[in-house]
Amino acid sequence: RTQDGLCRRVKIETHPNQLMMMHCYGVWLTALFALISGADAFYLPGVNPQSFSEGDPVKLKVNKMTSRKTLLPIDYYGLPFCQPAGGPKMDNENLGEFLGGDRIESSPYLLKMKTDMYCQQLCISNLGNDEQRGIAPNKVIKAVRREYHNNWIVDNLSAASIVEDDETITTRYWQGFPVGFISEDNRKAYVHNHVNIELMYHPVENEANKFRVVRFTVEPFSIKHDFDSIKEDGDAVNLDGDVPKAEQWATISNPIQSCNKDIPLTQREHTNYDMVIADGREPQEASGRVLFTYDVKWIENKELKWASRWDIYLSMDNAIPPRVHWLSIANSIVIVCVLSAMIITILLKSLRQDLAR
């Protein structure tokens, strides 16, 4: 406004060099802020690929257990499962895991790139009392009856589960794998004390003799091992540096083919469904002293790239029909429309009051 009371519009022009200087200052300030405040920052999972040489240790981590029947998660080591020496340690790798309430911890499982293992003994654990009238069931039996699932992680990949019966083999890419199952015959709870850990790897194209994990599946089994202890129950798995150490915990008197030490490793087969249901075999009840074992199987997959390894998890292998996604989108649109209508109504009411004044 000038002295004579007239209003004039003033056009302000900025020279391109000034814009460039302002942009540079902004970049430098952003970089300085990142250096000061982001020294201990987390990285996003999947952004930085991790390559392994043959024989390199590959961490298997455990997360909190979730249930289909209740929304209450429980800590993995809240049950009497095998623990690493010195106790489990928290192993969150990014801010999203921390804010999401995940309890990701170390585990005693020994994995080495491209190194198969057959019936590796993990530990002997006493799960507690059997189900009896008048006696409270142990924690494992409660977890099995409430349908809790294990959620394991390898190289930021969640474990898919393989479920096998007499007729079908089903792979699920969500909800991990169950702690155990309830028998349809006697309604007793049985624990999965053996797992087949199957990992697929892909050779790195621009690095010689380097490999990356592209798929992680677990097939659980319940196998009653008759054994004579070599070490005490509840002992933690020893470490070789930061890596779990392979140890012998017991002598199995009724070994299945994959656990038979008399068969050379070159002639052994990995644990399969036929071995578990063979004549004379029984599942392991979720009580008493239990020997935990596992197999590790590495498979090369040249077709699956590291950048595409999450695709099947995001689609859940087409397990959920597309109409469910459309229903979710329609539900979101309705909510947005209702909220928008409420906000518009409030604004119009305020505007009318202002105009009336």
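Cut-offs and rules
Residues numbered from 1 in each chain as written. Predicted model: local features only at pLDDT ≥ 70, side-chain atom pairs only at ≥ 80, totals over all residues. Heavy atoms only, no water. Pairing = 2+ DSSP bridges. Helix = DSSP H or I, 4+ residues; strand = E, 2+ residues; numbered from the N terminus. Axes fitted to C-alpha atoms, helices over the stretch in contact; angles between N-to-C directions. Salt bridge = Lys/Arg side-chain N within 4 Å of Asp/Glu carboxyl O. Buried < 20%, exposed > 50% of the residue type's maximum accessible area, 1.4 Å probe, protein only. 1 Å grid on protein atoms, 1.4 Å probe; cavity = no way out; pocket = protein on both sides within 12 Å on 5 of 7 lines; lining within 4 Å. Points joined across faces, edges and corners; volume = space filled by probe spheres on them. Nonpolar A, V, L, I, M, F, W, Y, C, P; charged D, E, K, R; others polar. Contact = heavy atoms within 4.5 Å. Polar contact = N/O pair within 3.5 Å; in protein donor to acceptor, adjacent residues only side chain to side chain. Core = buried A, V, L, I, M, F, W, Y, C linked by side-chain atoms within 4.5 Å. Disulfide = S-S within 2.5 Å. Phe/Tyr/Trp six-rings, centres within 6.5 Å; stacked < 30°, edge-to-face > 60°.

K.L.:
Account for the sheet that holds strand β13 (residues 194-203), naming residues and giving values.
P.N.:
In spatial order, the strands read β4-β19-β13-β14-β8-β9; together these 6 strands make up an open sheet with mixed pairing. Looking at strand neighbours, the two that pair on one side only are β4 (117-126) and β9 (169-172), the edges of this open sheet. When the angles between neighbouring strand axes are averaged without regard to direction, this sheet yields 25°. As paired elements, β13 and strand β14 (residues 211-221) share 10 bridges and run antiparallel to each other. Directly across from E198, in β14, lies its bridge partner T217.

K.L.:
Please provide a residue-by-residue account of the pattern of salt bridges, values included.
P.N.:
Under the criterion given, the structure shown has 10 salt bridges. Between E54 and K114 there is a salt bridge, with the nearest N and O atoms lying 4.0 Å from each other. Of this pair, E54 sits in the loop between α1 (16-37) and β1 (60-62) while K114 sits in the loop between β3 (105-106) and β4, placing them 60 residues apart in sequence. Residue classification places E54 among the exposed positions, given a relative accessible area of 54%. Residue K114 is classed as partly exposed on the basis of its relative accessible area of 29%. Two residues, E282 and K224, come together in a salt bridge whose shortest N-O distance is 3.8 Å. Note that E282 is positioned in the loop between α4 (273-276) and β19 (289-300) and K224 in the loop between β14 and β15 (227-229), a separation of 58 residues in sequence. Exposure remark for E282: the relative accessible area of 47% places this residue in the partly exposed category.

K.L.:
How would you sum up empty space enclosed by the protein? Please name residues and give values.
P.N.:
Following the criterion strictly, the structure yields 3 cavities of 30 Å³ or more and no others. Estimates place the volume of the largest cavity at around 130 Å³. Around the largest cavity sit 16 residues that line it, and Y76, Y109, W152, H192 and F292 are the ones nearest its centre. Partitioning the lining of the largest cavity into residue classes produces 12 nonpolar, 4 polar and no charged.

K.L.:
Account for the environment of L265, with residues named and values stated.
P.N.:
Relative to the helices and strands, L265 is located in the loop between β18 (250-252) and α4. Judged by relative accessible area, which is 53%, L265 ranks as exposed. Sequence separation between L265 and Y118 is 147 residues, and the spatial gap between their C-alpha atoms is 7.8 Å.

K.L.:
With reference to specific residues and values, describe the sheet that holds β3.
P.N.:
What the 4 strands build is an open sheet, ordered β3-β1-β6-β7; its pairing is antiparallel. Strands at the two margins of the open sheet, each flanked by one partner only, are β3 and β7 (157-158). In this sheet, strand β6 (residues 152-154) lies alongside β1 in antiparallel orientation, the contact comprising 3 bridges. Bridged to V62 within β6 is W152.

K.L.:
Let's hear about the environment of S229: which residues, and what values?
P.N.:
Tracing the sequence through the fold places S229 in strand β15. The partly exposed category is assigned to S229, whose relative accessible area is 36%. Between the C-alpha atoms of S229 and A250, which are 21 residues apart in sequence, the distance is 4.4 Å. Apart from residues no more than four positions distant in its own chain, S229 is found in contact with I124, W249, A250 and R289.

K.L.:
Can you tell me about the side chain of S107, naming the residues and giving the values?
P.N.:
Within the element layout of this structure, S107 appears in the loop between β3 and β4. Within polar-contact distance, the side chain of S107 engages the backbone oxygen of L60 at 2.5 Å. A polar side-chain atom of S107 sits 3.4 Å from the main-chain amide nitrogen of Y109.

K.L.:
Talk me through the nonpolar core; I want residue IDs and the actual numbers.
P.N.:
In terms of nonpolar packing, the biggest core is built from 62 residues, with L60, Y109, W152, I197, L199, F216 and Y294 touching the most fellow members. Ranked by residues supplied to this core, first place goes to β19 with 6 residues.

K.L.:
Got a sec to walk through the state of the cysteines? Specific residues and values, please.
P.N.:
Disulfides are covalent bonds that link the sulfur atoms of two cysteine residues. Taken as a whole and assessed by the stated rule, the structure comprises 2 disulfides. The disulfide partner of C82 is C123, and the S-S distance across this bridge is 1.8 Å. Judged by the torsion about the S-S bond (-80°), the C82/C123 disulfide is left-handed. Pair noted here: C82 is in the loop between β2 (66-67) and α2 (95-99) and C123 is in strand β4, with a separation of 41 residues, a long-range link. A relative accessible area of 6% means that C82 is categorised as buried. A residue is classified by how much of its surface remains accessible, and C123, at 3% relative accessible area, is buried. In the chain, the bonded cysteines, taken in the order they occur along the sequence, pair up as 1-3, 2-4.

K.L.:
Which residues make up the packing of aromatic side chains, and what are the values?
P.N.:
The final tally for this structure, using the stated rule, is 9 aromatic pairs. Here Y76 and Y77 contribute two aromatic rings whose centre-to-centre distance is 4.9 Å and whose plane-to-plane angle is 90°, an arrangement assigned as edge-to-face. Accessibility classification places Y76 together with Y77 in one group, the buried group. Ring plane angle 20° and centroid distance 5.4 Å describe the contact between F181 and Y190, whose orientation is recorded as stacked. Members of the aromatic cluster, connected to one another through ring pairs, are Y76, Y77, F81 and F292.

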